[in-house]
Amino acid sequence: MSNAKTHPSYLTEKYCDSVVEQFVDSGMRSLGKYVNEHFNPEYKGGIRNTIHFLEQRSAWLKECNDYLLDTGQTYVFYSDGNTRKIFAAIDALAKELQLVRQGVEYPDDAGNNNPAPFIKEHYETLANLVDQHHTRMLMKKQFQ
């Protein structure tokens, strides 16, 4: 008798690979473009959309991670430690964006509200972790 949970039928290793690949590739690219070029604390809609994007991707990736763990494959991001760090970084960026959206002030040295450096810092943390994952995956494919 298996004690694995029942998962939706669309969950397969191939599907999960594509979810991860999409996040690592186009997802991170569009997130980087938003953070580095379009982020503006005045535009609450863009912030809301970005929070929604992060929460949705996080949910999809967590669903895949649960599936992969239950089916004895592996973790969604290479290892348990890496996976935890990436999820924590996604959550931290979403949380920081939520604070900006709620109107929390981020005074810079001149006393102006400037949350951009904080948002960029959280994005960079996530981007670096995702890059490490991406590099590992490319190396793994090279030796298959």
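To keep things clear, this report deals only with the structure shown in the data block. As the structure is a prediction and not an experimental result, all values here were calculated from the model.

What follows deals with the packing of aromatic side chains. The tally for this structure, following the rule as stated, stands at five aromatic pairs. Ring geometry for Y10 against Y15: centres 5.3 Å apart, planes inclined by 70°, an arrangement best described as edge-to-face. Taking relative accessible area as the criterion, Y15 reaches 26% and is therefore assigned partly exposed. With a centroid separation of 6.2 Å and an interplanar angle of 70°, the aromatic rings of F77 and F87 are classed as edge-to-face. Pair noted here: F77 is in the loop between α2 (44–70) and α3 (80–101) and F87 is in helix α3, with a separation of ten residues, a long-range link. The exposure classification of F77 matches that of F87, with both residues buried. Grouped by ring-pair contacts, the aromatic residues F23, F77 and F87 constitute a single cluster. The ring of F87 is capped by K62, whose NZ or CZ atom sits 5.1 Å from the centre of that ring.

With that settled, the discussion passes to the pattern of salt bridges. Close approach of charged atoms allows side chains of opposite charge to pair. The tally for this structure, following the rule as stated, stands at four salt bridges. A salt bridge links K33 to E37; the shortest N-O distance between them is 3.2 Å. In this pair, K33 and E37 are both assigned in helix α1 (residues 13–38), four residues apart and thus about one turn of the helix distant. For K33, a relative accessible area of 44% gives the class partly exposed.

Once that is clear, we can look at the nonpolar core. Counting residues in each nonpolar core, the largest one holds 36 residues, and the members touching the most others are L61 and L126. For this core, the element with the highest residue contribution is α1, accounting for nine residues. Among all residues touching L61, those that are not within four sequence positions of it are V19, V20, F23, V76, F77, F87 and I90.

This paragraph deals with the environment of V100. Assignment of secondary structure puts V100 in helix α3. V100 sits 19 residues away from I119 along the chain, and the two C-alpha atoms are 9.0 Å apart. Aside from chain neighbours lying at most four places away, what touches V100 is F39, P41, K44, I47, Y106, P115 and I119.

The rules behind each value
Residue numbers here run from 1 along each chain, matching the order of that chain's written sequence. This being a predicted model, a pLDDT of at least 70 is required before a residue's local features are given, and a value of 80 or more before pairs of side-chain atoms are given or counted; all residues contribute to the totals for chains, interfaces and linings. Based on all heavy atoms of the structure, the side-chain values leave hydrogens and waters out of the count. Ring pairs shown here join Phe, Tyr and Trp side chains whose ring centres sit within 6.5 Å, with only the six-membered ring taken for Trp; geometry is labelled stacked below 30 degrees between planes, edge-to-face above 60, and tilted in between. The cut-offs for exposure are 20% and 50% of the maximum accessible area for each residue type, with area from a 1.4 Å probe on protein chains only; residues under the lower value are buried, those over the upper are exposed, and the others partly exposed. Secondary structure counts use DSSP, requiring at least four H or I residues in a row for a helix and at least two E residues in a row for a strand, with both numbered from the N terminus. Whether a charge lies above a ring is judged from NZ of Lys or CZ of Arg, which has to be within 6 Å of the ring centre and within 35 degrees of the ring normal. Counted as salt bridges are all cases of a side-chain nitrogen of Lys or Arg within 4 Å of a carboxyl oxygen of Asp or Glu. Among the buried residues, those of types Ala, Val, Leu, Ile, Met, Phe, Trp, Tyr and Cys that are joined through side-chain atoms within 4.5 Å form a nonpolar core. In what follows, residue pairs with any heavy atoms lying within 4.5 Å of each other are defined as contacts.

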